[in-house]
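Summary of structural features
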Amino acid sequence: KVNLKVPRVGSLFHLDFIESIDTFYELRMDARKYACAALASELADLWTKELSPEKELFELLIWYLRRLKLERDPFPVTLYFKIKILKISGYGPKWESLDEKGLKVSKGTLRCLNFVQASPLDSIQRLRMSRQNMKEAWGLLKALHIRYLEIEPRSYKVLREIART
């Protein structure tokens with residue numbers, strides 16, 4: 001919890017107090033979860049404007065970090081986060097139309113992406129994607145984020161290094 005005083009024109013915010021609700025300490029004990037959490041945090045930072053409240057995006061980030069603590073495999077929930085943040089940012093595509101553009105992504109992957117984008121957070125955990133669908137979706141979402149942000153988040157490099165070990 002944070003209590004900020006609104007600044008006068010041209011001055012800085014004044015922080016009265018701050019209270020930690022959840023530090024997500026458990027994520028630091030698993031390199032894959034920690035790297036995925038870093039990616040999500042970096043994406044949240046890249047997709048937001050300074051001093052913009054972005055309430056829906058930050059609620060998504062908190063949901064993601066809480067889910068990540070509970071999951072054995074961090075990649076499906078990270079994929080869901082990447083889909084939802086695109087939608088919140090206004091760049092969530094019509095997945096069915098991507099099939100018409102000749103991309104090398106299966107119809108099953110596109111259906112899964114569409115399901116996650118359209119569904120509320122509490123129902124997407126039931127989705128189970130095949131390894132091939134996950135691989136296709138991960139690559140496609142990474143490419144879309146890089147295309148729209150015009151930068152590759154540094155956390156992808158860390159995830160590549162972890163995958164090599």
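Before any of the text, the structure's been laid out above.
Residue numbers restart at each chain and count upward from 1, following the sequence in its written direction. Two thresholds apply to this predicted model, a pLDDT of at least 70 for residue-level local features and 80 or more for giving and counting side-chain atom pairs, whereas whole-chain, interface and lining totals are computed over all residues. In computing side-chain values, all of the structure's heavy atoms are included and hydrogens and water are not.

Now for the overall build of the chain. Across its full length, the chain carries 8 helices and 2 strands. A run of H or I in DSSP becomes a helix once it reaches four residues, and a run of E becomes a strand once it reaches two; helices and strands are each numbered from the N terminus. Listed N to C, the secondary structure of the chain is β-β-α-α-α-α-α-α-α-α in terms of helices and strands. Taking the intrachain contacts of the chain between residues at least 6 apart in sequence as the baseline, contacts between residues at least 24 apart amount to 66%. Contacts are residue-level and defined by heavy atoms, with any inter-residue pair within 4.5 Å sufficient.

Reported here for the largest pocket is a volume of approximately 850 Å³. A 1.4 Å probe that fits but cannot get out identifies a cavity on a 1 Å grid over protein atoms alone, an open set with protein on both sides within 12 Å along at least five of seven lines counts as a pocket, and a residue lines either if it has an atom within 4 Å of a point. Looking at the largest pocket, it is lined by 24 residues, and the ones nearest its centre are Asp-73, Phe-75, Pro-76, Met-134 and Trp-138. Those elements that provide at least two residues to the lining of the largest pocket are α3 (74-88), α7 (131-149) and α8 (155-164). Considering each element in turn, the lining of the largest pocket owes the most residues, 6 residues, to α7. Throughout this entry, Asp, Glu, Lys and Arg are counted as charged residues, while Ala, Val, Leu, Ile, Met, Phe, Trp, Tyr, Cys and Pro are counted as nonpolar. The remaining residues, Gly among them, count as polar. Here the residues of the lining of the largest pocket are counted per class, giving 12 nonpolar, 2 polar and 10 charged. Grid points are joined across faces, edges and corners, and a volume is the space filled by probe spheres set on the points.

This paragraph deals with helix α2 (residues 55-70). To estimate the expected span of a helix, subtract one from its residue number and multiply by 1.5 Å. Here α2 contains 16 residues, and its C-alpha end-to-end distance of 23 Å stays within 8% of the 22 Å for a straight helix at 1.5 Å per residue. Among all positions of α2, only Leu-57, Leu-60, Leu-61, Trp-63, Tyr-64, Leu-65 and Leu-68 are buried. Those residues of α2 that are buried are in contact with α1 (31-47), α3 and α6 (121-124). Burial classification: accessible surface area is computed with a 1.4 Å probe over protein chains only, and a residue below 20% of its type maximum counts as buried, one above 50% as exposed, and the rest as partly exposed.

What counts as a ring pair is set by centres within 6.5 Å for rings of Phe, Tyr and Trp (its six-membered ring), and what kind of pair is set by the plane angle: stacked under 30 degrees, edge-to-face over 60, tilted for all other angles. Scanning all chains against the criterion turns up 5 aromatic pairs. Summarising the aromatic geometry, the rings of Trp-47 and Tyr-91 are spaced 5.2 Å apart at their centres and angled 45 degrees between planes, so their arrangement reads as tilted. With Trp-47 in helix α1 and Tyr-91 in the loop between α3 and α4 (95-100), this residue pair connects regions lying 44 residues apart in the sequence. Residue class for Trp-47 comes out buried when judged on its relative accessible area of 12%. Ring geometry for Tyr-64 versus Phe-81: centroids 5.0 Å apart, planes at 40 degrees, classification tilted. Taken together, the residues Tyr-64 in helix α2 and Phe-81 in helix α3 connect sequence positions 17 residues apart. In terms of burial, Tyr-64 and Phe-81 fall into one category: buried. Taken together, the ring pairs in this structure connect Trp-47, Tyr-91 and Tyr-148 into an aromatic cluster. Ring-over charges, as used throughout, are those where CZ of Arg or NZ of Lys falls within 6 Å of the ring centre and within 35 degrees of the ring normal. In this structure, Lys-82 packs its charged tip against the face of Trp-138, placed 3.6 Å from the ring centre.

All axes are obtained by fitting lines to C-alpha atoms, using only the stretch in contact for helices, and the reported angles, taken between N-to-C directions, cover 0 to 180 degrees. Running from N to C, α1 and α3 cross one another at 5 degrees; their axes reach a closest spacing of 10 Å. Here α3 runs roughly parallel to α1, going by the angle between their axes. Only Pro-74, Phe-75, Thr-78, Phe-81, Lys-82, Ile-85 and Leu-86 of α3 make contact with α1, whose side of the interface consists of Arg-32, Lys-33, Cys-36, Leu-39, Ala-40, Leu-43, Ala-44 and Trp-47. The residue inventory of the contact of α1 with α3, partitioned by class, reads 11 nonpolar, 1 polar and 3 charged. Between 65 and 115 degrees an angle is taken as roughly perpendicular, under 35 as roughly parallel, over 145 as roughly antiparallel, and anywhere else as oblique.

Another point: the environment of Ala-163. Its place among the elements puts Ala-163 in helix α8. The sequence separation of Ala-163 and Arg-32 amounts to 131 residues, and the corresponding C-alpha distance is 8.8 Å.

This part is about the side chain of Lys-33. Relative to the helices and strands, Lys-33 resides in helix α1. Despite its burial, Lys-33 pairs with no opposite charge, the nearest such side chain being Asp-30 at 4.9 Å. The contact partners of Lys-33, leaving out residues within four places of it in the chain, are Leu-27, Leu-68, Lys-69, Glu-71, Arg-72 and Pro-74. Counting rule applied: Lys, Arg positive; Asp, Glu negative; His and chain ends not counted. Salt bridge, as used here: a side-chain nitrogen of Lys or Arg that lies within 4 Å of a carboxyl oxygen of Asp or Glu.

Let's shift gears to the side chain of Thr-48. Relative to the assigned elements, Thr-48 resides in the loop between α1 and α2. Side-chain atoms alone can form a polar contact between residues adjacent in sequence; in general such a contact is a pair of N or O atoms within 3.5 Å, and within protein one must be able to donate a hydrogen while the other accepts it. For Thr-48, the side chain forms a polar contact with the main-chain oxygen of Ala-44, separated by 2.9 Å. A polar side-chain atom of Thr-48 sits 3.2 Å from the main-chain carbonyl oxygen of Asp-45. Ignoring sequence-local partners within four residues, the contact set of Thr-48 consists of Glu-54, Leu-57 and Phe-58.

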